[in-house]
Amino acid sequence: MASLTQFKDRNLIAVIGDEDSITGLLLAGVGQVNAQQQKNFLIVDGKTQISAIEAAFQEFTERKDIAIVLINQHIAEKIRPTVDRYRQAFPAVLEIPSKEHPYDPSKDSILKRVQKLVGD
Amino acid sequence: MEALFFNVDTGFLEGVLRGYKSGILSQSHYANLTQCETLEDFRTQLSATDYGNFLANEPLPLSTSTIADKATQVLVNQFNYLRSNAVEPLSKFLDYITYAYMIDNVVLLITGTLHERDTHELLERCHPLGVFDSMPALCVATNVEELYQSVLVETPLAPYFRGCLSPHDLDDLNIEIVRNTVYKAYLEDFYQYCATLGSPTSDVMHSILSFEADRRAINITINSFNTELTKEQRARLFPSIGRLFPAGNNMLARADDIDQVRAACDMVLEYRSFLDSSLSGQSDDSLGVAAQLEDKFFRAEIHLNKLSFLQQFHYGVFYGYVKLKEQEIRNLIWIAECIAQDAKDRMHDFIPIF
Amino acid sequence: MSGTGARENVFATRMALTNTKLRLKGAVTGHSLLAKKRDALTTRFRAILRKVDEAKRKMGKVMQLASFSLAEVTYATGDISYLVQEQAKIASFRVKAKQENVSGVVLPAFEVERVAGTDFNLTGLGRGGQQVLRAKEVYAKALETLVEIASLQTAFTILDEVIRATNRRVNAIEHVIIPRLDNTIRYIMSELDEMDREEFFRLKKIQGKKKRENAQKQITEAEADTSEAIDEVIDETPANLLESKDEDVIF
């Protein structure tokens, strides 16, 4: 079960998203670049490889200082199996809408589970 | 005398330009555009205007950034046509217009270099009007020192950089301070240059540039509240031209809150309304006032630029046209954003030109 | 019946019976406690479910508002994304985890922790700074909503897991442990009953035998009484009790 040590040093919010979402969230102040030039955000554009997204997703979910991973829904869609497979509580993975892709609750892997549970 | 020989060199281009100007979207176009439900409708509506088929080959779904890019490209094409047909001194004047964009581009490259990024990627992000032939050469620079040297050698911006910044400064100062310092130098230089062109170019341009200078001064003041920018630094960013100069600038340099900015603006009749009427509006928090301020500046700028078309035989129209077109592109993007994001209620917040 | 169903491997003794009864009682108490816990968790879970659902839907609106404010920035300042990306250094918007206790389950809740950051203070200095400022605020608000959702979602995930575990335990107790203990008790009881009955039967048997012997004795006594009534009184019982072995008595 989640013990205190597991989440007390987690205080960052990581983002995988398109440029606009990232810019906005960075403006709000989530950006962190550590000493090894590791960023806690990944900008995904048309040229970004799916493997790069996967890698970033893995990295963010494995890092010990990240509490929440935000990911644009249309990007989550590209790596859907990985996202659906992810069941850990920490860090919490949250799918967010992007400017050009309005939010579709039916695709959200958490909401899917919610619907299933509420439904039965 | 100016007018007598104006048409020998510039008559053709002025004619072309006024033709372009009549292609600027009018109220009725905007009315149609704001009715659009989707960006595809938007494109169809635009194809009936002077923009023609500029979006015809774009794959669906359209994004607002493609629209922005393509619309800017239309402007750039027009501008390049003018530029390539221009002779001295108009060509020089047109070059001056591009310097403003060049500053932004160079600043962008500096940012990239400072963070040791591959600056070649940045070339795509540069404003096409500010692209100069030797720009890729700047990308070769790997550190700020080299970049500074190549800016001096390769770009027309050399005097601005040399005059107010050392390579050392690029490293230490906030990039925004660099940008505004250079911009200030540019405005002052442009102002001087316009003076050498004589009336009526100088009359028209001086009023526009003065406004631009004042706008920057006011903006810098308001935006530097609660930041680490000291008052001395702030004062150094104010252009030494404009209608607020020098008394108003001095007041702005000392201002601590929006009221003091208002007091400074009171000295110029036209600026008085910027901060005043907004206060009597709805919100009295300074954020609201300042946000509307930007809108009012845009309106005033358009007004001044439109005025330039009322006179003939001068170069101000070229500047005015570029600025009006820029505003038009902003409007288009705004409307497109509103359509894309389904924010119909904010759709009419753009600033129509004619 | 005692023969059907799983039971524990015990000797059917009263001691084992008492023990098993105690264990059954414990299991029943445990079951009701766990069931209560499950109910409490489920109530909480349902509430969170509703909130997650609501919040996720609300998020759509909030984010739209936020990206619109960014459109305003673009309108006033132009493209600032690269500058912003490069100037991001230290996160000024962080979260802090605190915990909340629901029926013994530690649920983490994220709290927004903002420190005054200076990363983008001067962005849009010459133009559009106010829009940038506003976008910052709007995005920060949106982020707060997101953080809230993240807390709910984490709670959701953890609760989901805990409820599953609790359910498993409740079901295990209800369907495996309690029946088994029940069976064991019934088995012990029946064994003991059986033993009781045997014992009873045996006693009866002894009693019958005793009766028969007594009757026999009385007859012989009566016979002796008539023949040698005087002798009988002298050498009767003590010798008889010690010497004659009773065949029915095992121990």
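Counting restarts for each chain, with residues numbered from 1 along the sequence as it is written. Following the order in which they are written, the chains are lettered starting with A and the ligands numbered starting with 1. It should be noted that, the model being predicted, local features are given only for residues of pLDDT at least 70 and side-chain atom pairs only at 80 or more, the latter also being counted only at that level, while totals for whole chains, interfaces and linings use all residues. Water and hydrogen atoms play no part in the side-chain values, which are based on all heavy atoms of the structure.

Caption draft 1: Layout of the overall build of chain A. Put simply, DSSP marks the helices as runs of H or I at least four residues long and the strands as runs of E at least two long, and each gets a number from the N terminus on. Helix and strand content of chain A: six helices and four strands. The contact criterion used throughout is that any non-hydrogen atoms of two residues lie within 4.5 Å. Within chain A, contacts between residues at least 6 apart in sequence are counted, and of these 66% link residues at least 24 apart. Surface accessibility of chain A: about 5,100 Å² in total, with carbon and sulfur atoms responsible for 52%. Throughout, the Shrake-Rupley method with a 1.4 Å probe supplies accessible areas, and for residues the shown protein chains are the sole cover considered.

Caption draft 2: Just the packing of aromatic side chains, in detail. Residue and element names in this part refer to chain B. Centres within 6.5 Å are what make two rings of Phe, Tyr or Trp a pair, Trp counting through its six-membered ring; a difference in plane orientation under 30 degrees is then read as stacked, over 60 as edge-to-face, and the rest as tilted. The final tally for this structure, using the stated rule, is 23 aromatic pairs over all chains. When the ring of Tyr51 is compared with that of Phe54, the centres are 5.0 Å apart and the planes differ by 40°; the resulting orientation is tilted. Across the pair, exposure class does not vary: Tyr51 and Phe54 are buried alike. Aromatic side chains Tyr160 and Tyr186 sit 6.1 Å apart centroid to centroid with 70° between the ring planes, which places their arrangement in the edge-to-face category. Note that Tyr160 is positioned in helix H9 (residues 158-164) and Tyr186 in helix H11 (residues 175-197), a separation of 26 residues in sequence. For Tyr160, a relative accessible area of 4% puts it in the buried group. Three exposure classes are used, based on accessible area relative to the maximum for each residue type with a 1.4 Å probe and protein chains only: buried under 20%, partly exposed in between, and exposed over 50%. For Tyr186, a relative accessible area of 2% translates into the label buried. Through a chain of ring-to-ring contacts, three or more aromatic side chains come together here, namely Phe6, Phe93, Tyr96, Tyr99, Tyr160, Tyr183, Tyr186, Phe190, Tyr193, Phe313, Tyr315 and Tyr319. To sit over a ring, a charge needs its Lys NZ or Arg CZ within 6 Å of the ring centre and within 35 degrees of the ring normal. Between the NZ or CZ atom of Lys92 and the centre of the ring of Tyr193, over which it lies, the distance is 5.9 Å.

Caption draft 3: Region of the structure containing the pattern of salt bridges. Only one rule defines a salt bridge in this text: a Lys or Arg side-chain nitrogen within 4 Å of an Asp or Glu carboxyl oxygen. Inspection of the entire model under this criterion finds 28 salt bridges over all chains. In this structure, the salt-bridge partner of A:Glu77 is A:Arg80, at a minimum N-O distance of 2.8 Å. Salt-bridge contacts for B:Arg215 lead to B:Glu301; the nearest nitrogen and oxygen are separated by 3.4 Å. Of this pair, B:Arg215 sits in helix H12 (residues 201-224) while B:Glu301 is found in helix H17 (residues 286-308), placing the two residues 86 residues apart along the sequence. The pair B:Arg215 / B:Glu301 is uniform in exposure class, with both members buried. Members of the salt-bridge network, linked through shared partners, are A:Glu77, A:Arg80, A:Asp84 and A:Glu95.

Caption draft 4: Region of the structure containing the environment of A:Glu77. Residues and elements named next belong to chain A. With respect to the helices, strands and loops of the structure, Glu77 is situated in helix H4 (residues 73-78). Sequence separation between Glu77 and Asp108 is 31 residues, and the spatial gap between their C-alpha atoms is 8.9 Å. The term polar contact refers here to a pair of N or O atoms within 3.5 Å; inside protein, the definition further demands a hydrogen-donor-capable atom paired with an acceptor-capable atom, and it admits residues adjacent in sequence only when both atoms are side-chain atoms. At 2.8 Å, the side chain of Glu77 forms a polar contact with the side chain of Arg80.

Caption draft 5: Looking closely at the sheet that holds strand S1 (residues 12-17) of chain A. Residue and element names in this part refer to chain A. Only when DSSP finds a minimum of two bridges between them are two strands counted as paired. Pairing is parallel in the open sheet, where four strands are placed in the order S2-S1-S3-S4. Strand pairing shows two members of the sheet lacking a second neighbour, strand S2 (41-43) and strand S4 (92-96), which therefore form its edges. Between one strand axis and the next, the sheet turns by 20° as a mean value, whatever way the strands run. Both S1 and strand S3 (residues 66-72) contribute to a ladder of five bridges, which runs parallel. Note on S3: the bridge partner recorded for Ile13 is Ile68. In this description, a line fitted to the C-alpha atoms serves as the axis of each element, helices being fitted only across the stretch in contact, and the angle between N-to-C directions of two axes falls anywhere from 0 to 180 degrees. Docked against the sheet, helix H3 (residues 50-62) engages S1, S2, S3 and S4, running at close to 170° with respect to S1.

Caption draft 6: Geometry of the interface of chain C and chain A. Counting from both sides, the interface comprises 49 residues of chain C and, opposite them, 48 residues of chain A. Note on chain C versus chain A: buried area summed over both sides is about 4,300 Å², and carbon and sulfur give 69% of it. Linking chain C to chain A there are zero salt bridges. Run the count over chain C and chain A and you get five residue pairs in polar contact (both at pLDDT 80 or more). Sorting the residues of the side of chain C that touches chain A by element identifies helix H1 (14-77), helix H2 (81-87), strand S1 (93-102), strand S2 (105-114) and helix H3 (129-232) of chain C as the ones contributing at least two each. At 17 residues, H3(C) tops the list of elements feeding residues into the side of chain C that touches chain A. Throughout, the accessible surface (probe 1.4 Å) given up by two parts as they are put together, summed over both, is called the buried area.

Caption draft 7: Spotlight on the pairing of S3(A). Residues and elements named next belong to chain A. Of all seven residues making up S3, seven are buried, and the element is well covered by its neighbours. Judged from the five bridges that link them, S3 and S4 form a sheet pairing that is parallel. Counterpart to Asn72 in the pairing with S4 is Ile96.

Caption draft 8: Structural view of a nonpolar patch on the surface. Note on patches: the residues involved have over 30% relative accessible area and no salt bridge, like charges join within 9 Å, and the nonpolar side chains Val, Leu, Ile, Met, Phe, Trp and Tyr join within 5 Å. On the surface, a nonpolar cluster with roughly 350 Å² of combined accessible area is contributed by B:Leu4, B:Phe5 and B:Val8. Note that B:Phe5 resides in helix H1 (residues 2-22).

Caption draft 9: Region of interest: the environment of A:His74. All names here are of chain A. With respect to the element layout, His74 can be found in helix H4. Expressed as a C-alpha distance, the spacing of His74 and Val44, which sit 30 residues apart in the sequence, is 10 Å. At 3.2 Å, the side chain of His74 and the side chain of Ser98 are in polar contact.

Caption draft 10: View of the interface of chain B and chain A. Every contact between the two is made by seven residues of chain B and, on the other side, six residues of chain A. Scanning the region where chain B abuts chain A turns up one salt bridge. Ionic pairing is found between A:Glu19 and B:Arg125, a salt bridge with its closest N-O pair at 2.6 Å. Secondary-structure elements contributing two or more residues to the side of chain B that touches chain A are helix H6 (120-125) and helix H18 (316-341) of chain B. Under the grouping applied here, Gly and all other residues not named as nonpolar or charged are polar, the nonpolar ones being Ala, Val, Leu, Ile, Met, Phe, Trp, Tyr, Cys and Pro and the charged ones Asp, Glu, Lys and Arg. Split into classes, the residues belonging to the side of chain B that touches chain A amount to no nonpolar, three polar and four charged.

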